[in-house]
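Here are the chains, one letter per residue:
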Amino acid sequence: MALRALDNTLPLTPERPKKVIKVSNSTAKPKQPADSNVNNENVAPMDPVTPAVDSVDYVSSEDLKPLSDPDVKFQGLIEGLESKDWLKVCESLNDVRRMALHHSTLLLPILEKVVLVLVKSMKNPRSALCKTSIMAASDVFKSYGDKLLESTTCDAVDHMILQLLLKASQDKKFVCEEAEKTLKTMVAFIAPIPLLHKLKAYVSHGNMRVRAKAAVSISHSVSKMNVGEMREYGVVVLVKMAAELLKDRLPEAREAARSMVLLIHKAVMEEGSEEEEKEGEGEGDREKVVLVLVKSMKNPRSALCKTSIMAASDVFKSYGDKLLESTTCDAVDHMVGL
């Protein structure tokens, strides 16, 4: 076969230049002239940027004055609390605070609605509204105390306690600190026993931060109780709560639990020294406490084991020979054997 001549090849086609697509950016703003004083009629004026101003005043309870026209304010209170304008809601919440502190009877007929509004406002992502509602909750606790646990407001208060625990557990420091202060106010103005019944549910909450904040409130409540109140609520129940929290992941919860244990120890010692102790009831409680101590000593967690041993020492100091009575003798045998 004859070979094709090299100069008989097809000419190379020159590469076509790439088409440049011009993109028109209609949203781009023209550059501002270097001299801002020059009035260029071909340049659209730029809108001035108005900085966001938080016009909410956080007034302490001590600085809140009585309303000059409380009845008039009350007439429009619900409308203000349900407003879509968050600044208007904040203003109405401050009116709630003034009414709670200085005109408390006015709010009683609508107290449940007010508490539900506080709960809703605490859930609001706007921090200013959230903090104002938490401050309002504090003043409501101060003014109404145990009345909040009555049937008409009980469920609403359950929701409010949960929100306070959640807000005390979050990362926004100024909201967190305000919620912690309000939880302390709650403990100060509500009787320990009914409050412990409500807080007990949060010992096993799925959120470990909520458990820790609940543990702190429980410990503060226990610190207010005398021996009789501890016995009424249940010494064994308190010990079990403390034992559960001693196993918690967060140091805050474990520290609160240790504080509870020390308080319970002190109460047990005082109980043992009381001459008017009811023998039958006292012996039954002693046996249950000893059995809880035995169980805790078997726990693989060293902190719980050591705390239960310290508790056993105080029990021996308080009861001595009484521990060898028939009702507690077997339980003591198990404790000594460990």
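Residues numbered from 1 in each chain as written. Predicted model: local features only at pLDDT ≥ 70, side-chain atom pairs only at ≥ 80, totals over all residues. Heavy atoms only, no water.

Time to look at helix α5 (residues 111-122). Here α5 contains 12 residues, and its C-alpha end-to-end distance of 17 Å stays within 8% of the 16 Å for a straight helix at 1.5 Å per residue. On the buried face of α5, the contacting elements are α2 (77-81), α3 (86-102), α4 (104-107), α6 (127-144) and α7 (154-168). (Helix = DSSP H or I, 4+ residues; strand = E, 2+ residues; numbered from the N terminus. Expected span 1.5 Å × (residues − 1). Contact = heavy atoms within 4.5 Å.)

Let us look at the side chain of Thr153. In this structure, Thr153 sits in the loop between α6 and α7. Looking at Thr153, its side chain comes within polar contact range of the main-chain oxygen of Leu148, at 2.7 Å. What Thr153 contacts, discounting residues up to four positions off in sequence, is Leu111, Glu112, Lys147 and Leu148. (Polar contact = N/O pair within 3.5 Å; in protein donor to acceptor, adjacent residues only side chain to side chain.)

As a packed pair, α6 and α7 sit with axes 12 Å apart at the nearest point and diverge in direction by 130°. One element, α6, and the other, α7, form an angle in the oblique class. Of the two possible hands of crossing, α6 and α7 adopt the one that is left-handed. Counted together, Cys130, Ile134, Ala137 and Phe141 of α6 and Met160, Leu164 and Lys167 of α7 form the full contact between these two elements. Of the residues belonging to the contact of α6 with α7, the class tally is six nonpolar, no polar and one charged. (Axes fitted to C-alpha atoms, helices over the stretch in contact; angles between N-to-C directions. Parallel < 35°, antiparallel > 145°, perpendicular 65-115°, else oblique. Left-handed = near helix turned anticlockwise from the far one by under 90°. Nonpolar A, V, L, I, M, F, W, Y, C, P; charged D, E, K, R; others polar.)

All right, on to the packing of aromatic side chains then. Overall, the coordinates contain zero aromatic pairs when judged by the stated rule. The ring centre of Tyr58 lies 4.4 Å from the NZ or CZ of Lys131, which sits over that ring. (Phe/Tyr/Trp six-rings, centres within 6.5 Å; stacked < 30°, edge-to-face > 60°. Lys NZ or Arg CZ within 6 Å of the ring centre and 35° of its normal.)

According to the stated counting rule, one finds 13 salt bridges in the structure shown. For Lys247, the salt bridge identified is with Glu244, shortest N-O distance 3.7 Å. Of the residues examined, Glu244 reaches a relative accessible area of 40% and is grouped as partly exposed. (Salt bridge = Lys/Arg side-chain N within 4 Å of Asp/Glu carboxyl O. Buried < 20%, exposed > 50% of the residue type's maximum accessible area, 1.4 Å probe, protein only.)

Quick look at the nonpolar core now. Ranked by internal contacts, the top residues of the largest apolar core, which has 88 residues, are Leu107, Leu118, Met160 and Met186. When near neighbours in sequence (up to four residues on either side) are disregarded, Leu118 contacts Leu93, Ser133, Ala136, Ala137, Val140 and Met160. (Core = buried A, V, L, I, M, F, W, Y, C linked by side-chain atoms within 4.5 Å.)

Turning to the packing of α7 against helix α9 (residues 192-199), a few remarks are in order. Interaxial distance between α7 and α9 falls to 11 Å at its minimum, and their mutual angle equals 65°. Where α7 crosses over α9, the two elements pack in a sense that is right-handed. Residues Cys154, Asp158 and Ile161 of α7 pack against Leu195, Lys198 and Leu199 of α9.

On to the side chain of Ser61. Among the secondary structure elements, Ser61 is positioned in the segment before α1 (70-75). Side chain to side chain, Ser61 and Asp139 meet in a polar contact 2.5 Å long. Not counting residues up to four positions away in its chain, the partners in contact with Ser61 are Arg97, Leu101, Asp139 and Lys142.

In this model, the chain carries a mean pLDDT of 81, and residues with pLDDT of at least 70 account for 75%. Taken together, the stretch residues 21-53 has pLDDT below 50 and engages in four contacts with residues farther than four places along the chain or on a different chain. (pLDDT = per-residue confidence, 0-100.)

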